[in-house]
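# Examining the three-dimensional arrangement
Residues per chain, in single letters:
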Amino acid sequence: MSDPAHVPAILQKPRRVRYLKIIALFKIFKGVLLFLLGFSLFFLNSRPVWLDQISDWADDQLLLAHSKTIIFLLNKLQDMLAGGALRATGILALFYCAVLFTEGIGVYMQKRWAEWLMILATGALIPLEAWHLWHRLMFHRPSLAALLILLANCFIVWFLYLVLKRDKAEAHTEPKKEFVETR
């Protein structure tokens, strides 16, 4: 990596830019999904009358009065909606959505600060994703989607680290421009 003549194929300029744009679009797509989730949680949480009407309709149409399990589950859902759990989840989803949009747009525009932000934000979540996957493996059926997301995030951190390291090496090997006064 210290030899400027030898550049891995993945770090050559056209491929590097292509990978950065794909990563940026992936982050923006995740941001859109989180925006939809956060917005829907606020919408759902702010409509208790609407939820009561759905519950009454389900009770009338599906004859739920005879099923104690269904009534118990619907009551738990209403208790959760009455509390602040969904509102807090919506706020967290919208906050992380803003982080994803910032990372994605910044990396798409090839800003160095956005690459650092993406390394920090994505790298901070990798241990949580690994723990989640391990927990699912031990106690439930593991999710292929969770594994793919973990692998994608590991690749993103690794690739951006290589890009930043390569950019730093290129900055040190470039000849310094001298100030030439013209008259």
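The structure presented is a predicted model; accordingly, all values stated were derived computationally and were not measured. (Residues numbered from 1 in each chain as written. Predicted model: local features only at pLDDT ≥ 70, side-chain atom pairs only at ≥ 80, totals over all residues. Heavy atoms only, no water.)

### Quick notes on the overall build of the protein chain
Applied cut-off: Under the DSSP-based scheme used, a helix requires at least four consecutive residues in state H or I and a strand at least two consecutive residues in state E, with every element numbered from the N terminus. Each residue is placed in one exposure class: buried if its accessible area under a 1.4 Å probe, protein chains only, is under 20% of its type's maximum, exposed if it is over 50%, and partly exposed if it falls in between. Pairs of residues are marked as contacts when any of their non-hydrogen atoms sit within 4.5 Å. The accessible surface values rely on the Shrake-Rupley method and a 1.4 Å probe; as for residues, cover is taken only from the protein chains in view.
The helix and strand inventory of the protein chain stands at six helices and zero strands. Ordered by position from the N terminus, the helices and strands of the protein chain form the series α-α-α-α-α-α. A buried classification covers 27% of the 183 residues belonging to the protein chain. Summarising the internal contacts of the protein chain: among those between residues at least 6 apart in sequence, 74% fall at separations of at least 24. As displayed, the protein chain has an accessible area near 13,100 Å², and 69% of this comes from carbon and sulfur atoms.

### A look at the nonpolar core
Here is the rule we go by: In this text, buried Ala, Val, Leu, Ile, Met, Phe, Trp, Tyr and Cys residues form a nonpolar core when linked through side-chain atoms within 4.5 Å.
Val107, Met118, Phe159 and Leu160 are the most contacted members of the largest nonpolar core, which has 19 residues in total. Excluding anything up to four places from it in sequence, Val107 contacts Leu20, Ala24, Ala114, Glu115 and Met118.

### A short note on helix 5 (residues 112-139)
Our working rule: To estimate the expected span of a helix, subtract one from its residue number and multiply by 1.5 Å. The bend at a residue is defined as the angle formed between two axes, one fitted to the seven residues ending at that residue and one fitted to the seven starting there.
The terminal C-alpha atoms of helix 5 lie 41 Å apart, and with 28 residues this matches the ideal 40 Å at 1.5 Å per residue to within 8%. Along helix 5, the sharpest change in direction is near 30° and occurs at Ile126; proline Pro127 comes one to four residues later. Among all positions of helix 5, only Ala114, Glu115, Met118, Ile119, Ala121, Thr122, Ile126, Glu129 and Leu133 are buried.

### As for a nonpolar patch on the surface
Quick note on the threshold: Here, patches come from residues exposed beyond 30% relative accessible area and free of salt bridges, joined within 9 Å for like charges and within 5 Å for nonpolar side chains (Val, Leu, Ile, Met, Phe, Trp, Tyr). The rule for a salt bridge is simple: a side-chain nitrogen of Lys or Arg has to be within 4 Å of a carboxyl oxygen of Asp or Glu.
A contiguous nonpolar patch, built from Phe29, Val32, Leu33, Phe35, Leu36 and Phe39 and spanning about 590 Å² of accessible area, is present on the exposed surface. Tracing the sequence through the fold places Phe39 in helix 1 (residues 13-45). Exposure remark for Phe39: the relative accessible area of 53% places this residue in the exposed category.

### Describing the confidence of the model for the protein chain
As a reminder, the rule being used: Confidence of the prediction at every residue is given by pLDDT, a number between 0 and 100.
Confidence in the prediction for the protein chain averages 76 pLDDT; 64% of positions are at 70 or higher. The secondary-structure element of the protein chain with the lowest mean pLDDT is helix 2 (residues 48-62), recorded at 61, while helix 5 shows the highest, at 86.

### A short note on the packing of aromatic side chains
For the record, the criterion: Note on ring pairs: Phe, Tyr and Trp rings are taken, using the six-membered ring of Trp, and paired if centres are within 6.5 Å. Classes follow the plane angle, with under 30 degrees stacked, over 60 edge-to-face and the rest tilted. Two conditions define a charge sitting above a ring: the NZ of Lys or the CZ of Arg must be within 6 Å of the ring centre, and it must be within 35 degrees of the ring normal.
The tally for this structure, following the rule as stated, stands at five aromatic pairs. For the pair Phe35 and Phe39, a centre-to-centre distance of 6.0 Å together with 20° between the ring planes defines the contact as stacked. A residue pair is termed a helical-turn pair when its members lie 3 or 4 positions apart in one helix, as Phe35 and Phe39 do in helix 1 at four residues. Each residue in the set Tyr19, Phe155, Trp158 and Phe159 is aromatic and connected to the rest through ring pairs, giving one cluster. Sitting over the face of the ring of Tyr108, Lys21 holds its NZ or CZ atom 4.2 Å from the ring centroid.

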